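Understanding the architecture of this molecule
Residue strings, one per chain:
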Amino acid sequence: MKTELFSQLYSLIKSSKSVAIISHVSPDGDTLASSYALKLFIDSLGVRADLFCEDKCPYSYFFLIDSTAYSTDDIDENKYDAFIAVDCADALRTGKYSVIFNKKNRTAVIDHHKTNVGYADINIIDETAAATGVIVFDFFQSVNHKMSREQAELIYAAISTDTGNFTYSNADRRAYNVAGICVESGIDVAGLTKCLFKDKSINKLNLIASAILTIKLHYDGKISSMTVSNDMLEKTGCTYDDTDELINYCRDIYGVKAAVLVRETAEVGVLKVSMRSNDVDVAAVALSHGGGGHTNAAGCNLKMPLLQGEELIVKELSELL
Ligand code: AMP
Ligand code: MN
Ligand code: MN
C-alpha cells in the first residue's frame, strides 16, 4: 500500500514545476529536518521546492539547516502545483496554511501521528514510524534515491530528536536501522548529538532551574506537572524556543506515569500543553482538546489562565490511571 502511495507522491512531484513543503507550527527537529531532506530531493529532480512554516525556525536548529529557507509568508497558491505537509497530525497543525488542505487540490501529507485521519489527496501516514524522517527515508528508497551526506544528517536528526536521542519507546529496530544507514554515510554523530541535545546557553540553564521549582506531584506521585510563564522567560532572558525539553524533567521522576507541562504563549490567554507518559495514552486527553500526538507524547492548546490549565489537565490525566 505504501509503495503505491509513494509512487503517487513521486508522480505528484514529477508533474509539478514548483512544490510548497509545509512544516507544523512550533516546529521541532522532525518536521524541520524531514521537510529539508525532502526539499533537497525535490531540488535534485529539477523541480523547485520552497519551505514554509508559520512559526520561525528555532535558533537551536540553525547549525543544521538554512533557516532562511523557511518562509513564514502566506503561500501564493497560483505559484505552486503541489503542497506537501510534513509531520503535521492535522490540517490545523500547518497553521494558516490549513486552508490549502481544506480544498484538497494536489496535496499530500507525510506523517506518523496515530491521530492523523488523513486530510490531503495523498495520505502517507505510518504511525509505526518513530519519526516522519523514517517515512521520508522509505520514500527515498522506494524511488531509488541515494541520500547525500547532508540528507543523511537531516534524517538522523529527525529520528534522534523524535526519539529523545533513542531513549523513548518509539526507538525501535527500524529507527536504529535507518539511523545506521545514515551513520554509514559518514555523518558526525557525536557532533550532531552535542548540537542537538547538549549545547545550551546559561540563560537556558537558569530557565531549567526555575521551571524545575514549579514541579508539583499529584495522585501519590503518579502525575507530575510543571508550568512556564512568560514572566519566567523574561526573567531568565529566554524565549519560547527554550522551553521544549523542559517536560523531560517532569516525566523522569520516579513513579510518574504521566507528566504535563503547561506554557504561556505569546498570545495572551493561550496555553500550550505538552503531555508525556510512561504507560498511559495521553493522546486521548490531547485529542479531547482539539490537539493530537502519540500514546506517550501529545499536545494541545487551551484558552485559560496558566494554573487553571495545569489543574484541568492534571485532573484529566488522573482519570487515565
Ligand atoms: P510537544 O508536546 O509539542 O512536543 O508535542 C508532542 C507530540 O504531540 C508531537 O508529536 C506533536 O506533533 C503532537 N502535538 C503537539 N501539539 C499538538 C496539537 N495541538 N495538535 C496535534 N498534535 C500535537
Ligand atoms: Mn513534530
Ligand atoms: Mn514527528
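Just above sits the structure.
1. Focus: the packing of aromatic side chains
- On inspection of all chains with the given rule, the structure shows 12 aromatic pairs.
- Pairwise contacts between aromatic rings join Phe6, Tyr10, Phe41, Phe139 and Phe140 into one cluster.

2. Quick notes on the coordination of the manganese ion (ligand 3)
- With distances of 2.1 to 2.3 Å, the protein atoms coordinating the manganese ion (ligand 3) are Asp30 (OD), Asp87 (OD), His112 (NE2) and Asp162 (OD).
- Written as a sequence motif, the donor arrangement for the manganese ion (ligand 3) is D-x56-D-x24-H-x49-D.
- Residue aspartate 162 is classed as buried on the basis of its relative accessible area of 16%.

3. Side note on unusual backbone geometry
- One non-glycine residue, asparagine 165, lies in the positive phi region at around 55°.
- Judged by relative accessible area, which is 26%, asparagine 165 ranks as partly exposed.

4. Describing the pairing of strand β8 (residues 223-228)
- With respect to burial, β8 is a largely interior element, 6 of its 6 residues being buried.
- Residue alternation in β8 divides its side chains into two sets, Ile223, Ser225 and Thr227 and Ser224, Met226 and Val228, and both sets are buried.
- Inspection of the sheet shows strand β7 (residues 216-218) paired to β8 by 3 bridges, in the antiparallel sense. Residue pairing across strands places histidine 218 opposite isoleucine 223, the latter belonging to β8.

5. Section: the site of ligand 1
- Ligand 1 sits among 13 residues. The nearest are His113, Lys272, Ser274, Arg276 and Gly292.
- Side-chain polar atom of arginine 93 to an oxygen atom of ligand 1: 3.3 Å apart, as the coordinates give it.
- For ligand 1, an oxygen atom lies 2.8 Å from a polar atom in the side chain of arginine 276.
- Here ligand 1, which alone exposes 480 Å², has 87% of that area covered by the protein.
- Looking at the shell around ligand 1, the elements with two or more residues in it are β10 (270-277), β11 (292-293) and β12 (297-303).
- Tallying contributions element by element places β12 first for the shell around ligand 1, with 4 residues.
- When the residues that make up the shell around ligand 1 are grouped by side-chain class, the tally is 3 nonpolar, 7 polar and 3 charged.

6. Remarks on the pairing of strand β2 (residues 48-52)
- Extensive coverage of β2 is indicated by the burial of 4 of its 5 residues.
- As paired elements, β2 and strand β3 (residues 70-71) share 2 bridges and run parallel to each other. Its bridge partner lying in β3, leucine 51 is registered against tyrosine 70.

7. With respect to the coordination of the manganese ion (ligand 2)
- Taken together, His24 (NE2), Asp28 (OD) and Asp87 (OD) make up the full set of protein donors to the manganese ion (ligand 2), lying 2.1 to 2.3 Å away.
- Between the donor residues of the manganese ion (ligand 2), the gaps in sequence give the motif H-x3-D-x58-D.
- Metal-to-metal, the separation of the manganese ion (ligand 2) and the manganese ion (ligand 3) is 3.6 Å; aspartate 87 coordinates the two.
- The class of histidine 24 is buried, set by a relative accessible area of 2%.

The rules we used
- Residue numbers here run from 1 along each chain, matching the order of that chain's written sequence.
- Whichever chain is written first is A, and whichever ligand is written first is 1; the rest continue in order.
- In keeping with the model being predicted, local features are shown solely for residues with a pLDDT of at least 70 and side-chain atom pairs are shown and tallied solely at 80 or more, while totals for entire chains, interfaces and linings include all residues.
- The basis for the side-chain values is all heavy atoms of the structure; hydrogens and waters are excluded.
- Put simply, two rings from Phe, Tyr or Trp (the six-membered ring, in Trp's case) pair if the centres are within 6.5 Å, and we call them stacked under 30 degrees between planes, edge-to-face over 60, tilted for the rest.
- Each metal site is built from N, O and S donor atoms within 2.8 Å (3.2 Å for Na, K and Ca), and since water is not included, such sites may look incomplete.
- Here the term buried applies to any residue with accessible area under 20% of the maximum for its type, exposed to any over 50%, and partly exposed to those in between, with areas from a 1.4 Å probe on protein chains only.
- Segments assigned H or I by DSSP are reported as helices when at least four residues long, segments assigned E as strands when at least two residues long, and all are numbered from the N terminus.
- Any two strands between which DSSP finds at least two bridges are classified as paired.
- Being near a molecule or strand, for a residue, means having at least one of its heavy atoms within 4 Å of it.
- In protein, a polar contact requires one atom able to donate a hydrogen and another able to accept it; more generally it is a pair of N or O atoms within 3.5 Å, and residues adjacent in sequence count only if both atoms are side-chain atoms.
- All accessible-area figures derive from a Shrake-Rupley calculation using a 1.4 Å probe, and residue coverage is judged against the displayed protein chains alone.
- Each residue gets one of three labels, nonpolar for Ala, Val, Leu, Ile, Met, Phe, Trp, Tyr, Cys and Pro, charged for Asp, Glu, Lys and Arg, and polar for the others, Gly among them.

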